[in-house]
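Residues per chain are reported as follows:
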Amino acid sequence: MRLAFRISLEEFTAFNLEKAEEMTAKKKKSSRLSGLLGTAVAVLVLIWLLPQPNFSRVILFLALFLLAFGVYQILYFPLLFPVMMRRSVQKAYGESRYLQNEIVLEFYDGYFKESSAEGEKKTRQKEVAAFSERPLYYQLDLKSGKSVLIPKKGLTEEERELLCGFFPGTQLEN
C-alpha cells in the first residue's frame, strides 16, 4: 500500500497541543495550587497590613508581588500557555521542510518506508511502539520517541482498513 499526503497546520497543531497536555498535566495542578496559595497569603497580608497607620512599604511591595505572581500562576496554563503553544507550533510548521512538502508512506511485509523532503527512511514494524486513531489523523508512535501523523482526510475506507490491518489491535472509529 502507498499513501501520499501533507500534514495540515490544523493536524500538526492538534497533535502538539495533545502532547503538551500530556506533558503538563502535573505542572498544571501544582501551578494552580501554588498560585491559589500565594494569592491567599498575599490577600491575607494585605488585609492585615492596610488598616495599620504606619505599614512597611517593603511588606506591601512583597505582598503585591506575591499577589501578582499567584494570579499569573493561576492563569498561565488556562490562558497564556495555549496562545504561546499555538504561536510556537505555527512558527515550527512554517519553517519545516518536512511538513511543507508531500510525505509518502509505502507499507511492505514487516516494515514501511517514509519518503519526504528530508529523504527516505525505513522503519521495521517491531520499532513501532503504538498506533492510535485521533479525530483528524492516525498517530504512529515509534520506540525512538518520534511520531508519524497520517491525516485521515484523504484516505479511502479501504486504505483505512489496510492501514489498521498493518498495525494489529487497532479499532476503527465509527
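Before any of the text, the structure's been laid out above.
The structure contained in this document is the topic of the report that follows. Note that this is a predicted model, so its numbers are computed, not measured.

What counts, and at which threshold
- Residues numbered from 1 in each chain as written.
- Predicted model: local features only at pLDDT ≥ 70, side-chain atom pairs only at ≥ 80, totals over all residues.
- Heavy atoms only, no water.
- Pairing = 2+ DSSP bridges.
- Helix = DSSP H or I, 4+ residues; strand = E, 2+ residues; numbered from the N terminus.
- Axes fitted to C-alpha atoms, helices over the stretch in contact; angles between N-to-C directions.
- Contact = heavy atoms within 4.5 Å.
- Core = buried A, V, L, I, M, F, W, Y, C linked by side-chain atoms within 4.5 Å.
- Buried < 20%, exposed > 50% of the residue type's maximum accessible area, 1.4 Å probe, protein only.
- Phe/Tyr/Trp six-rings, centres within 6.5 Å; stacked < 30°, edge-to-face > 60°.
- Lys NZ or Arg CZ within 6 Å of the ring centre and 35° of its normal.

1. Overview of the sheet that holds strand β3 (residues 111–116)
Argument step 1. In space, the 4 strands of this open sheet follow the order β1-β2-β3-β4, with antiparallel pairing throughout. Both outer strands of the open sheet, β1 (2–5) and β4 (119–124), are each paired with one neighbouring strand and no more. Strand-to-strand twist in this sheet, taken as the mean axis angle between neighbours without regard to direction, amounts to 15°.
Argument step 2. Bridge count for β3 against β4 is 6 bridges, and the pairing is antiparallel. Along β4, the bridge assignment pairs Glu-114 with Lys-121.

2. Side note on the sheet that holds strand β7 (residues 147–151)
Argument step 1. With antiparallel pairing, the 3 strands of this open sheet are ordered in space as β5-β6-β7. Pairing within the sheet leaves two strands with one partner each, and these edge strands are β5 (128–133) and β7. Taking the axes of each pair of neighbouring strands and ignoring which way they run, one obtains an average angle of 15° across the sheet.
Argument step 2. Two strands pair when backbone bridges link them, and β5 and strand β6 (residues 137–142) are joined in this way by 5 bridges, in the antiparallel orientation. Looking at the pairing, Glu-133 lines up with Tyr-138 of β6.
Argument step 3. In this fold helix α1 (residues 9–49) packs onto β6 and β7, with an angle of close to 50° to the strand it touches most, β6.
Argument step 4. Helix α4 (residues 157–166) rests against β5, β6 and β7 of the sheet, and its axis sits at about 20° to β6.

3. Observations concerning the nonpolar core
Argument step 1. Counting 32 residues, the largest nonpolar core has Ile-7, Phe-107, Phe-112, Leu-140, Ile-150, Leu-163 and Phe-167 as the members making the most contacts within it.
Argument step 2. The element contributing the most residues to this core is helix α2 (residues 57–95), with 6 residues.
Argument step 3. Excluding anything up to four places from it in sequence, Ile-7 contacts Phe-12, Tyr-93, Tyr-98, Leu-99, Ile-103, Leu-149 and Pro-151.

4. Brief notes about the packing of aromatic side chains
Argument step 1. Taken as a whole, this structure holds 15 aromatic pairs when the rule is applied.
Argument step 2. The interplanar angle of 55° and the centroid separation of 6.0 Å between the aromatic rings of Tyr-76 and Phe-81 together place this pair among those described as tilted.
Argument step 3. With relative accessibility at 18%, the residue Tyr-76 sits in the buried group.
Argument step 4. The structure contains a cluster of three or more aromatic residues connected by ring pairs, namely Phe-65, Phe-69, Tyr-72, Tyr-76, Phe-77 and Phe-81.
Argument step 5. Note that Lys-152 overlies the ring of Tyr-138, its terminal NZ or CZ placed 5.5 Å from the centroid.

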